[in-house]
Amino acid sequence: MEVVSRAEAAGLLAEAYASRKPVEPLSETYDGMTLEDSYEIQLLQIHARQAAGARIRGHKVGLTSLAMQRQMGVDQPDYGHLLDDMFHLEHQPIPTSDYLQPRVEPEIAFMLKRPLRGPGVTAAEAAAAVDFVLPALEVIDSRIRDWKIGILDTIADNASSGGVVLGSRPTPLYQVDLRLSGCLLHRNGEPVATGAGGAVLGSPLNSLVWLANTLGARGVVLQPGQVILPGSVTAAVAVSPGDSFTATFAGLGSVTACFAKENS
């Protein structure tokens, strides 16, 4: 194994994005890799994409449910960045060829109206900072071969971020109990997963608090107008070209993501 080179690791992942060819797990390539290494590798890629014109539109929290932690073999949440080119319109074909090995997750997205500056953010402060919530489908993807990831690999890979589809029905936070909002996920009209908001650290709001405080310790403030994805309420479901997914949340409505039939 090699000694960790953050710039080299970031370059490997960037090349995987460009070529659509996954790489071997970084944690097996580099000796002594740490969480700090992984987050710095993530940031190197984000800064490079910003330099190329991309804009940060929000953040995501991953690995917040027991289902996802078990599926991915990890035991703690992580976070990544949402860039403007990751957002897709509902019902519009998403090019499957943009991704290497995509999966879909249903989530309850927050839109912020006030900044959240941690550490020390409370659940009450987080709730007051939310403008509204939306049903959402996140497209997760991995630049690591066969999803053979641990926590270090997924963090370095921008928390396995891929894309986002937001629903079109905003709901004020006070009108729904996020913990009890049940979700039914359909693929091509067939039910494939169920869950509820409480699967996400007990409540998606707790995930928002965790993110604000974790980023705050790094000097990053969550800004008004940003979209925050707090984590999936079910295990992720694999995507094939031509698939259509609909997530229906009690009290929030539904959101649909359609993938183009061709994969070229």
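Up top is the structure.
Bear in mind that the values here come from a model prediction, so they are computed numbers and not experimental data.

Looking at the side chain of Thr171
- With respect to the helices and strands, the residue Thr171 is situated in the loop between strand 9 (161-166) and strand 10 (182-187).
- Its relative accessible area of 3% is what places Thr171 among the buried residues.

Quick notes on the nonpolar core
- Counting 64 residues, the largest nonpolar core has Phe110, Val133, Leu208 and Leu222 as the members making the most contacts within it.
- If you tally residues by element for this core, the top one is helix 7 (residues 204-216), at 6 residues.
- Ignoring any residue separated from it by four or fewer positions in sequence, one finds Val133 in contact with Ile108, Ala109, Phe110, Arg169, Pro170, Thr171, Leu173, Val176, Leu178 and Leu252.
- Formed by 10 residues, the second largest nonpolar core is a distinct cluster that contains Ile46, Leu82, Val164 and Val227.

Considering the sheet that holds strand 6 (residues 93-94)
- Pairing is mixed in the open sheet, where 5 strands are placed in the order 6-15-14-10-11. Of all strands in the sheet, those with a lone pairing partner are strand 6 and strand 11 (190-196), marking the two edges.
- Alignment of strand 14 (residues 244-249) against strand 15 (residues 253-259), held across 6 bridges, turns out to be antiparallel. Residue pairing across strands places Thr246 opposite Thr256, the latter belonging to strand 15.

Details of the pattern of salt bridges
- Across all of its chains, the model carries 10 salt bridges by this definition.
- Close ionic contact of Arg49 with Asp85 constitutes a salt bridge, the shortest N to O distance being 3.1 Å. On the criterion of sequence distance, the pair formed by Arg49 in helix 3 (residues 35-51) and Asp85 in the loop between strand 4 (78-83) and strand 5 (87-88) is long-range, its members being 36 residues apart.
- Note on Arg49: relative accessible area 23%, which makes it partly exposed.

Topic: the side chain of Ser203
- Relative to the assigned elements, Ser203 resides in the loop between strand 11 and helix 7.
- Ignoring any residue separated from it by four or fewer positions in sequence, one finds Ser203 in contact with Leu178, Arg179, Gly197 and Gly198.

Describing the packing of helix 1 (residues 6-19) against helix 3
- The N-to-C vectors of helix 1 and helix 3 enclose an angle of 55 degrees; their axes lie 9 Å apart at closest approach. One finds that helix 1 runs oblique with respect to helix 3. The crossing of helix 1 and helix 3 is right-handed. In this structure, helix 1 contributes Arg6, Ala7, Ala9, Ala10, Leu13, Ala14 and Tyr17 to the contact, and helix 3 contributes Glu36, Asp37, Glu40, Ile41, Leu44, Gln45 and Arg49.
- Taken together, the residues of the contact of helix 1 with helix 3 sort by class into 8 nonpolar, 1 polar and 5 charged.

Side note on helix 3
- The end-to-end C-alpha distance of helix 3, which contains 17 residues, comes to 24 Å, matching closely the 24 Å that a straight helix rising 1.5 Å per residue would cover.
- Elements that come into contact with the buried residues of helix 3 comprise helix 1, strand 3 (56-62), strand 4 and helix 6 (151-156).
- Of the residues flanking the end of helix 3, it is Gly53, one or two places downstream, whose phi is positive at about 115 degrees.

Here's the deal with the environment of His186
- The topology assignment puts His186 in strand 10.
- In the structure, His186 is positioned 59 residues away from Phe245 in sequence and 5.5 Å away in space, judged by C-alpha atoms.

Examining the pairing of strand 4
- Of all 6 residues making up strand 4, 6 are buried, and the element is well covered by its neighbours.
- Across 6 bridges, strand 3 lies against strand 4 in antiparallel orientation. Bridging across to strand 4, Gly58 finds its partner in Leu82.

Notes on helix 7
- Given a rise of 1.5 Å per residue, 13 residues ought to cover 18 Å, and the 18 Å separating the end C-alpha atoms of helix 7 matches this to within 8%.
- In terms of burial, helix 7 is a largely internal element, 10 of the 13 residues being buried.
- Within helix 7, the full set of buried residues consists of Pro204, Leu205, Ser207, Leu208, Val209, Leu211, Ala212, Asn213, Leu215 and Gly216.
- In this structure, the buried side of helix 7 is in contact with strand 3, strand 4, strand 7 (103-112), helix 5 (123-129), strand 8 (130-140) and strand 12 (227-229).

Quick word on the environment of Val237
- When you line up the elements, Val237 lands in strand 13 (residues 237-238).
- Using a relative accessible area of 10% as the deciding quantity, one classes Val237 as buried.
- Placed 133 residues apart in sequence, Val237 and Val104 show a C-alpha to C-alpha distance of 5.2 Å.
- Aside from chain neighbours lying at most four places away, what touches Val237 is Arg103, Val104, Leu185, Arg187, Val192 and Phe245.

Describing the environment of Gln92
- With respect to the element layout, Gln92 can be found in the loop between strand 5 and strand 6.
- Since its relative accessible area comes to 43%, Gln92 is described here as partly exposed.
- Gln92 sits 165 residues away from Ala257 along the chain, and the two C-alpha atoms are 7.4 Å apart.

Rules used throughout
The residue count restarts for each chain, going from 1 along the sequence in the order it is written. With the structure being a predicted model, the display of local features is reserved for residues of pLDDT at least 70 and the display and counting of side-chain atom pairs for 80 or more, all residues being used for whole-chain, interface and lining totals. Side-chain measures here rest on the full set of heavy atoms in the structure, leaving out hydrogens and waters. By the criteria applied, helices consist of DSSP H or I runs no shorter than four residues and strands consist of E runs no shorter than two, each listed in order from the N terminus. For every residue, the accessible area (1.4 Å probe, protein chains only) is compared with the maximum for its type, and the residue is labelled buried under 20%, exposed over 50%, or partly exposed between those bounds. Working definition of a nonpolar core: buried Ala, Val, Leu, Ile, Met, Phe, Trp, Tyr and Cys residues. They are joined through side-chain atoms within 4.5 Å. The contact criterion used is simple: two residues touch if any of their non-hydrogen atoms lie within 4.5 Å. A pair of strands counts as paired when DSSP detects no fewer than two bridges linking them. Any carboxyl oxygen of Asp or Glu within 4 Å of a side-chain nitrogen of Lys or Arg constitutes a salt bridge here. The convention used is that axes are lines fitted to C-alpha atoms, helices contributing only their stretch in contact, and that angles between N-to-C directions extend from 0 to 180 degrees. The scheme is simple: roughly parallel for angles under 35 degrees, roughly antiparallel for over 145, roughly perpendicular for 65 to 115, oblique for anything else. Handedness of a crossing is defined here by the sense of rotation of the near helix relative to the far one, left-handed for an anticlockwise turn of less than a right angle and right-handed for a clockwise turn. In the scheme used here, Gly and all other residues not listed as nonpolar or charged are polar, with Ala, Val, Leu, Ile, Met, Phe, Trp, Tyr, Cys and Pro taken as nonpolar and Asp, Glu, Lys and Arg as charged. For a helix, the expected span equals 1.5 Å multiplied by the number of residues minus one.

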